[in-house]
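# Observations on chain architecture
Next come the chains, spelled out residue by residue.
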Amino acid sequence: MSPAPTDLLTNLLRDVSRSFHLTLRVLPGAIRQQIGLAYLLARATDTIADTEIVPMAQRLDALNALREAILEKSRNGAAPAPRLGELARHQGSPAERVLLERVGEALALLRQFTPADQERIRTVLTTITGGQELDLRRFGGADGRRIIALRTEQELDDYTYRVAGCVGEFWTRMCRAHLFPDAPMDDASLLANGVRFGKGLQLVNILRDLPADLRQGRCYLPEEKLSASGLAPADLLRAENEGRFRPLYEQFLALAQAHLAAGWDYTNALPRRCVRVRLACAWPVLIGVSTLTRLRAENVLDPARRVKINRAEVRGLLARSLLCYPWPWAWQRLFTRAAN
């Protein structure tokens, strides 16, 4: 059972999903609405967490209220949709403002899916919102003059799992249930690579957005690793320190690429007949590894040089993937080509 068509899962989803909209458009219809709604609700919780003009305590209350409504938990039965009008008024993006204003409709759509799909969506959103809450509490009081860093590699790994690795699990379980339930597969390996896939995409974001995050007081690279390299988080605010920082940065680039290589293995483990879902997986992997290639050649501490794969390059990646798909040898070379 799927909900009736709604502009929440078409126009609004397009307006708030940015590059992820490419993936959503190509997904098979059997899973497109479930994954689209999960994304929409995750984007709503992320918007709440990121509304810095609102005091942290108020954002935490709103985040918890929305999480309870998603889980349908309250002392008196199903939790009502939270009123997010004040938060909505503080949004600079019109699409994000509309998203918060219409979150009740999104919650109503959730209840129209099958119980199994509702449970999958609620499970991943529980993990994501837990990560968002942890992030809010961890970086409370941080700003460009007071940088707070993650302490250990384990904290970084946990963060990338909570906000993205868990999505790999959710995606895998949804695809398995609806697209290839009877295909003989190594499910443990598929799930593990799905988690690494998500972690890799998030780590690319962290490495690309490092200068901007630092100026908001957030350093996702572990303090223990920086200290071992003779650096403090504040040292990363100065572009002239890039040479000292580069050896450590290369270690994280290598980790991100290894995760994305696992994502490529994940993509190729899916049944070949599932063309749409394989393309939907291949595109973020190829864009991610292309971004890593670009980061290797830039001063990554310079806030004026934000690395981004432009639209023409994205269209080129998409076109090559479509042209190469009929030939497995050419398809396999796509990852190597993007990585060089």
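Preceding this section is the structure that the text describes.
Quick look at the structure, then.

The rules we used
Residues numbered from 1 in each chain as written. Predicted model: local features only at pLDDT ≥ 70, side-chain atom pairs only at ≥ 80, totals over all residues. Heavy atoms only, no water. Helix = DSSP H or I, 4+ residues; strand = E, 2+ residues; numbered from the N terminus. Expected span 1.5 Å × (residues − 1). Bend = angle between axes of the 7 residues up to and from the residue. Buried < 20%, exposed > 50% of the residue type's maximum accessible area, 1.4 Å probe, protein only. Polar contact = N/O pair within 3.5 Å; in protein donor to acceptor, adjacent residues only side chain to side chain. Axes fitted to C-alpha atoms, helices over the stretch in contact; angles between N-to-C directions. Parallel < 35°, antiparallel > 145°, perpendicular 65-115°, else oblique. Left-handed = near helix turned anticlockwise from the far one by under 90°. Nonpolar A, V, L, I, M, F, W, Y, C, P; charged D, E, K, R; others polar. Core = buried A, V, L, I, M, F, W, Y, C linked by side-chain atoms within 4.5 Å. Contact = heavy atoms within 4.5 Å.

## Looking at helix H9 (residues 153-178)
- Over its 26 residues, H9 runs 36 Å from end to end, which matches the ideal 38 Å to within 8%, given 1.5 Å per residue.
- Along H9, the sharpest change in direction is near 55° and occurs at Arg162.

## Points about the side chain of Thr47
- In this fold, Thr47 is placed in helix H3 (residues 29-50).
- For Thr47, a relative accessible area of 4% puts it in the buried group.
- In this structure the side chain of Thr47 is engaged in a polar contact, spanning 2.8 Å, whose partner is the backbone oxygen of Arg43.

## Considerations on the packing of H9 against helix H10 (residues 187-208)
- Direction vectors running N to C along H9 and H10 enclose 135°, while the axes themselves pass 7 Å from each other. Taken together, H9 and H10 sit at an angle that is classed as oblique. H10 is crossed by H9, and the crossing has right-handed handedness.
- Across the contact of H9 with H10, the residue classes break down as ten nonpolar, seven polar and six charged.

## Quick look at the nonpolar core
- By size, the foremost hydrophobic cluster in this structure holds 112 residues, and its most contacted members are Leu41, Trp171, Leu207, Leu236 and Phe245.
- When residues in this core are grouped by element, the largest group, eleven residues, is from helix H14 (residues 275-295).

## With respect to the environment of Leu295
- Take Leu295: it is sitting in helix H14.
- Taking the C-alpha atoms as reference points, Leu295 and Gly36, separated by 259 residues in sequence, lie 30 Å from one another.
- Not counting residues within four places of it along the chain, the set of residues in contact with Leu295 comprises Leu207, Arg208, Arg246, Tyr249, Leu253, Val300 and Val307.

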